[in-house]
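# Reading the structure
Listed here are the chains, written in short residue letters.
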Amino acid sequence: AQSVSQHNHHVILSEAASLELGCNYSYGGTVNLFWYVQYPGQHLQLLLKYFSGDPLVKGIKGFEAEFIKSKFSFNLRKPSVQWSDTAEYFCAVKAKAAGNKLTFGGGTRVLVKP
Amino acid sequence: EPEVTQTPSHQVTQMGQEVILRCVPISNHLYFYWYRQILGQKVEFLVSFYNNEISEKSEIFDDQFSVERPDGSNFTLKIRSTKLEDSAMYFCASTEDIQGAKNIQYFGAGTRLSVL
């Protein structure tokens, strides 16, 4: 069965700092990859996705992620965070041969200090 | 932007009681899902539903759980006899399709279930 790992449980940083959140998955076949964000009290919102093509994908709010197939990774980045980026971030994988369910990482809580 | 809505936002129940969690998926979506997140743990897939049938379910989704689309808009998760370990946040999601660019799951804000 596939699994997804997010390296950091908590990240604290100051405004304007750069953010990188790691995500690795274990599955050898074709995958779709997602990053979701959950702001306090709100629903899980899609930040960006990778289905195929250019491995560097851009999402909303200045986020981007790079799919490195050889490393089974899909790390999320933002060059300069804002206080409003305080949220929990979830990496998720859909393995093509494993139905349509999403397998989630454990989430990373990001706190941006003003 | 259309949203998946879930009610109630918080449900408190006694052990052994039945609960029904409700979801209204996005109106043109055809595939529906339930996930749960026990406090401090990962979001876990429970079940997917399409064309009035369960299309996939996890080991967690045992005989105590059932899903239904009672009308054209609601999608419900029923837990027949709740246990303490059912306490979790339950998320509903829907997708328009399972192919290509439409295969994006949109989530509701969740229902927090507390079993006492």
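The following refers to the structure shown. These numbers were taken from a predicted model, which means no experiment stands behind them. (Residues numbered from 1 in each chain as written. Chains lettered and ligands numbered in written order. Predicted model: local features only at pLDDT ≥ 70, side-chain atom pairs only at ≥ 80, totals over all residues. Heavy atoms only, no water.)

## Remarks on the pairing of strand β5 (residues 31-38) of chain A
All names here are of chain A. We apply this condition: Buried residues are those whose accessible area, probed at 1.4 Å on protein chains only, stays under 20% of the maximum for their type, while exposed residues exceed 50% and partly exposed ones sit between those limits. Secondary structure elements are defined from DSSP: runs of H or I of at least 4 residues count as helices, runs of E of at least 2 residues count as strands, and each element is numbered from the N terminus. Any two strands with at least two DSSP bridges between them are considered paired.
In terms of burial, β5 is largely enclosed, as eight of its eight residues are buried. Side chains Val-31, Leu-33, Trp-35 and Val-37 of β5 all project onto a buried face; the interleaved residues Asn-32, Phe-34, Tyr-36 and Gln-38 project onto the opposite face, where all are buried too. With eight bridges joining them, β5 and strand β10 (residues 87-95) adopt antiparallel strand pairing. Note on β10: the bridge partner recorded for Phe-34 is Ala-92. Sheet topology note: the β5/strand β6 (residues 45-50) ladder contains five bridges and is antiparallel. Bridge pairing in β6 places Trp-35 opposite Leu-48.

## Focus: the sheet that holds strand β3 (residues 19-24) of chain B
Residues and elements named next belong to chain B. Applicable threshold: In this analysis, axes come from line fits to C-alpha atoms, helices being fitted only over the stretch in contact, and the angle between any two N-to-C directions falls in the range 0 to 180 degrees.
Ordered in space as β1-β3-β8-β7, the four strands form an open sheet in which the pairing is antiparallel. Here the strands that pair on one side only, and so sit at the sheet edges, are β1 (5-7) and β7 (65-68). Adjacent strand axes in the sheet meet at a mean angle of 20°, parallel and antiparallel pairs treated alike. Note: β3 against strand β8 (residues 75-79), five bridges, orientation antiparallel. Within β8, the residue paired with Arg-22 across the bridge is Thr-76.

## Describing the layout of surface pockets
Filter applied, for reference: A pocket, in this scheme, is an open set of points on a 1 Å grid over the protein atoms alone with protein on both sides within 12 Å along at least 5 of 7 lines, while a cavity is a set where a 1.4 Å probe fits but cannot get out; residues line either one if an atom lies within 4 Å of a point. Grid points are joined across faces, edges and corners, and a volume is the space filled by probe spheres set on the points. For this scheme, ten residues count as nonpolar: Ala, Val, Leu, Ile, Met, Phe, Trp, Tyr, Cys and Pro. Four count as charged, namely Asp, Glu, Lys and Arg, and the remainder, Gly too, count as polar.
The calculated volume of the largest pocket comes to roughly 600 Å³. What lines the largest pocket is a set of 27 residues, and nearest its centre among them are Gln-38, Glu-88, Phe-90 and Arg-109 of chain A together with Gln-37 of chain B. Mapped by element, the contributors of at least two residues to the lining of the largest pocket are β10 and β12 (108-113) of chain A together with β9 (88-95) of chain B. Classifying every residue of the lining of the largest pocket gives 11 nonpolar, 12 polar and four charged. The space that makes up the second largest pocket amounts to roughly 380 Å³. Lining the second largest pocket are 16 residues, with Lys-101 and Thr-103 of chain A together with Glu-44, Phe-45 and Ser-58 of chain B positioned closest to its centre. Those elements that place two or more of their residues in the lining of the second largest pocket are β11 (103-104) of chain A together with β5 (43-50) and β6 (53-57) of chain B.

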